[in-house]
Amino acid sequence: MTSRRATASIVEDVPGRRIAWAGDGPSDPSGVVTLHVLGERRTLVVYQVERAPEGDEAAVRARLDHELDRFALLVARRYDADVTG
């Protein structure tokens, strides 16, 4: 798997609720992550990513899944929370 760097600019930041970004170049991803509090220790994280895929769809999806798992673990460690899928 080849590594690729992307650049983006934050276009919306509502702390604890939502963050959105726009890719700086034509092949850089744009997206949004929205947090929905479901209870005292439960939050639904909804993400949307838009990007021109490089490679076959299965490889792109696998890479995205891997990155999202890493993000979930980072958040869980930061807030001493459990991650469920």
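From a predicted model like this one, the values you see are computed outputs, not experimental measurements.

This brings us to the environment of V33. Inspection of the secondary structure puts V33 in strand β3 (residues 30-39). Each C-alpha atom, one on V33 and one on V46, is 5.7 Å from the other, the two residues being 13 residues apart in sequence.

Another aspect to go through is the sheet that holds strand β1 (residues 8-14). Backbone-to-backbone hydrogen bonds pair the strands of a sheet. The strands run either parallel or antiparallel. With respect to topology, 4 strands assemble into an open sheet ordered β1-β2-β3-β4, the strand pairing being antiparallel. In this open sheet, the two edge strands, each paired with only one partner strand, are β1 and β4 (42-50). Direction aside, the axes of adjacent strands within the sheet are offset by 15 degrees on average.

For I10, the position within the fold is in strand β1. Its relative accessible area of 54% is what places I10 among the exposed residues. Taking the C-alpha atoms as reference, I10 lies 9.7 Å from G31; in sequence the two are 21 residues apart. Beyond its immediate stretch of four places on either side in the chain, I10 contacts I19, A20 and W21.

Conventions used here
Residues numbered from 1 in each chain as written. Predicted model: local features only at pLDDT ≥ 70, side-chain atom pairs only at ≥ 80, totals over all residues. Heavy atoms only, no water. Helix = DSSP H or I, 4+ residues; strand = E, 2+ residues; numbered from the N terminus. Pairing = 2+ DSSP bridges. Axes fitted to C-alpha atoms, helices over the stretch in contact; angles between N-to-C directions. Buried < 20%, exposed > 50% of the residue type's maximum accessible area, 1.4 Å probe, protein only. Contact = heavy atoms within 4.5 Å.

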